[in-house]
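Reading the structure
Okay, here's what each chain looks like letter by letter:
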Amino acid sequence: QHFMRHHVDDDNAEISGNSSSDKEIRVGNLKSAVERFVVSRSFGVVFGLCLFIFLLSFKPSEPYLSQFLICNYNSQSSFCDTLLSSDQSSNIDTCNVDENPPCSFSSSSTDSGLCSPLPCQNVTSKSDCGNSDYSYCVFDTQSNQCKDDVCYKNFTADEVNNDIYVWSTYAYLPFLLFLGPYAELFSYRTAILVGISGRVVTRFLLLYGTTISTMQIMQVTYALGTAAEDVFSAYIYYVVSPSEYERVTSYVKTSALVASLLSGVLGDLLVVEGSVSVTVLMYISAMFVCAGFAVGLYVIAKRNPSAEGMLASVNNPLNSSKNSLLDSSQSDKVNSGRGDEEGDNIILGVGIAPQVKASEHPNTLTGWQRRRARIQAKLAVFALQLRFLWLALRCKPLLALLGLWIGGNAVFTTFYGYEVSIYDELNGSNSWNGSVLAAILLAGSAGAMLPAWISLLNRKKSSQELDSTQSLIERNDLLSNQTATQERPSPTRPPLTQQSTDDAINANNSMDNDNLSDEVVCARVLGMCVLSSVCLVVYVLAWEVVASMCSLAGFFASWQFVNVVCLARLATQLKTAQLSVQAAEMDSQQQDPGFPSTVEAPEPPYSIAFVLIIALNVGVQVIFDSIIFSYLQLDLHSASWVLVWVFVSVCGAFAMACFGLFGLEIFGSGARCNRHNQ
């Protein structure tokens, strides 16, 4: 752009300088592009968002949470207590290490005796020390004998699984359904930061809480933070342009996965190799979560972008400013006594906006009237946003993608939640599970970054074509100036102004994933669904630690690609619905000068849409867990088979939906993706 701003001197232009000129133009364009990217506000915003979620996700203590809460000795003691009866002779038969290890009977404590776990120093077999029966023991290589394992909290396994963990399940959905609408109606900043403050409280309760009630509160605050992170996933679309939706989604998802990856490796190195206490990992996690909260105070916007225009009119409702909901003609209608019919609610092209009666002059408005006006304005904004959501959900390809995401992500979340148990069953222990999980998350990070990589590659190709076109224009100008004569001047070409160049670059930048047809997007997602299904089938057929974990990593990678594309497509469709409604209103104003004018339409309800599909996803997952694990009580291998067939069925339904929408051409669309982008 720097070189294109300057006119070429027609008298001194030489054809011999074409090569050097082309090189200088390319170098100048490259430098300008780099400078725009580095110094642009969007780069700082995206970096801040990625840093925010990275710090919140860096928790090396996460794989060791159960180990931190459960005291295995107390769990075995609780088991041994169930073997006692009033008959002391029968207690001797049932409470012994041969019949029910590790329990041993002692009659010295009470009349009925005491059934307690065998002391670790009495465990003679090295292979028994630390196994499932003697999980409260650990083998000391220095003394070459079995010793008591460390108990950080004194809760039994039943207390943790039945009385503590369930509270996060109970609290998550109500928090999600509350924070989503609150973010749209009031403030994304407040919704996110209040939720993340719950994560901070969670860390301190884990460190200093000692009772079951405090651990239950810890799970409630954890659920609050999880719901806030879901709202944050919607917030990112407020602060970036639509052409960046897919790339920024990839960056944010990858940042969270990379943080989990690095923290998992760090936790294994410290605990397994360095013999560091799990409490140290808890402090490290608390430090990073607090740092993430501090970053959030800076990067999360202070205003809710959805309601700025409408809420501005509440403070001065009868003022004919550019942000007022009433123009002069509408104000005259209100002042002429027609406020009851048209002043209170003026029907707009995009919905209904609240108005203030003429009698309610700003100087006479009471505090309650002002609050009522603000509430009406917020509800009007919310009504407009719900209309955007309704229009977006009328898109059949989007409904097919969301149906796939709801069903498929329920299977993905179930596998992710049971990864520790699956690895333990396949490997026989949880040793180095953090590193294995890190490898799986690394594959997921690659899958999450793949849409951004494809988008950047397509943009690079389009940019090269634009640079080639600009160079050709410059070369033609030089040739025409060189061969021109005084008697017959060459035809003049309109000069390339800065505005026209910027328009060309903006048009090039807009050629992104948002301009992809529904057919192309569904073809890409369908291909990844096939890959995910193959990986799951191999995982369950092999049922061996290396092959199954590698196949599970492939499933994580392919599904993260689907995850990013579906969420970005939802945000894009919401933005499209908003722009279409706004364009329809502008057309109505041009055709009918008396049509009421409005402020700029609010932003789409990203958080409402995300809360809706996440709530449906959670409901489907709860149904899966209830049927497979609670009702049928299947083992992990059988449960994996059921989940795999459910996932294959969901992908098959998506393929049939694509076939019904696009016909057989859907199966050849993937090969035409790059040509379509160009």
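Conventions used here
Residues numbered from 1 in each chain as written. Predicted model: local features only at pLDDT ≥ 70, side-chain atom pairs only at ≥ 80, totals over all residues. Heavy atoms only, no water. Axes fitted to C-alpha atoms, helices over the stretch in contact; angles between N-to-C directions. Helix = DSSP H or I, 4+ residues; strand = E, 2+ residues; numbered from the N terminus. Parallel < 35°, antiparallel > 145°, perpendicular 65-115°, else oblique. Left-handed = near helix turned anticlockwise from the far one by under 90°. Contact = heavy atoms within 4.5 Å. Nonpolar A, V, L, I, M, F, W, Y, C, P; charged D, E, K, R; others polar. Core = buried A, V, L, I, M, F, W, Y, C linked by side-chain atoms within 4.5 Å. Buried < 20%, exposed > 50% of the residue type's maximum accessible area, 1.4 Å probe, protein only. Pairing = 2+ DSSP bridges. Phe/Tyr/Trp six-rings, centres within 6.5 Å; stacked < 30°, edge-to-face > 60°. Disulfide = S-S within 2.5 Å.

**A look at the packing of helix H14 (residues 367-393) against helix H21 (residues 606-631)**
For the pair H14 and H21, the least separation of the axes is 9 Å and the interaxial angle reads 55 degrees. Of the possible angle classes, the one that applies to H14 and H21 is oblique. Our pair here, H14 against H21, has a crossing hand that is right-handed. Within the contact between the two elements, H14 uses Phe-382, Leu-386, Leu-389 and Leu-393 and H21 uses Ile-608, Ala-609 and Leu-612. Residue composition of the contact of H14 with H21, grouped by class: seven nonpolar, no polar and no charged.

**Some details on the nonpolar core**
Residues Phe-232, Phe-415 and Phe-555 are the most contacted members of the largest nonpolar core, which totals 110 residues. Beyond its immediate stretch of four places on either side in the chain, Phe-555 contacts Phe-412, Phe-415, Ser-532, Cys-535, Leu-536 and Phe-647. The next biggest cluster of nonpolar side chains, apart from the first, holds 20 residues, and it includes Phe-155, Tyr-165, Leu-206 and Leu-281.

**A short note on the pairing of strand S4 (residues 145-148)**
Across four bridges, strand S3 (residues 137-140) lies against S4 in antiparallel orientation. When the sheet's bridge partners are listed, Cys-137 is paired in S4 with Asp-148.

**Here's the deal with the side chain of Gln-219**
Tracing the chain through its elements places Gln-219 in helix H9 (residues 212-235). Apart from residues lying up to four places away in sequence, Gln-219 is in contact with Ile-164, Tyr-165, Trp-167 and Ser-168.

**Thoughts on the side chain of Gln-560**
With respect to the helices and strands, Gln-560 occurs in helix H20 (residues 545-591). Among the residues examined, Gln-560 registers a relative accessible area of 6% and is labelled buried. Filtering out sequence-adjacent residues up to four positions away, Gln-560 remains in contact with Leu-257, Phe-412, Gly-444, Gly-447 and Ala-448.

**Points about unusual backbone geometry**
Of note, the phi angle at Trp-543 is positive, near 45 degrees, even though the residue is not glycine. Tracing the backbone shows Trp-543 in the loop between helix H19 (518-542) and H20. Residue classification places Trp-543 among the buried residues on the basis of a relative accessible area of 18%. Residue Gln-633 is not a glycine yet carries a positive backbone phi of 55 degrees.

**What about the packing of aromatic side chains?**
Throughout the structure, instances matching the rule amount to 28 aromatic pairs. By the ring-pair criterion, three or more aromatic residues cluster together here, those being Phe-412, Phe-415, Tyr-416, Tyr-539, Trp-543, Phe-555, Phe-556, Trp-559 and Phe-647.

**Thoughts on the state of the cysteines**
As enumerated under the stated definition, the model contains four disulfides in all. Two residues share a disulfide in this structure: Cys-80 and Cys-103, whose sulfurs sit 1.9 Å from each other. Judged by the sign of its S-S torsion, about -90 degrees, the bond between Cys-80 and Cys-103 is left-handed. Highlighted residues: Cys-80 in helix H4 (residues 72-81) and Cys-103 in strand S1 (residues 103-106), separated in sequence by 23 residues. Classification of Cys-80 by relative accessible area gives buried; the value is 0%. What makes Cys-103 buried here is its relative accessible area of 0%. Each sulfur of the disulfide joining Cys-120 and Cys-137 lies 2.1 Å from the other.

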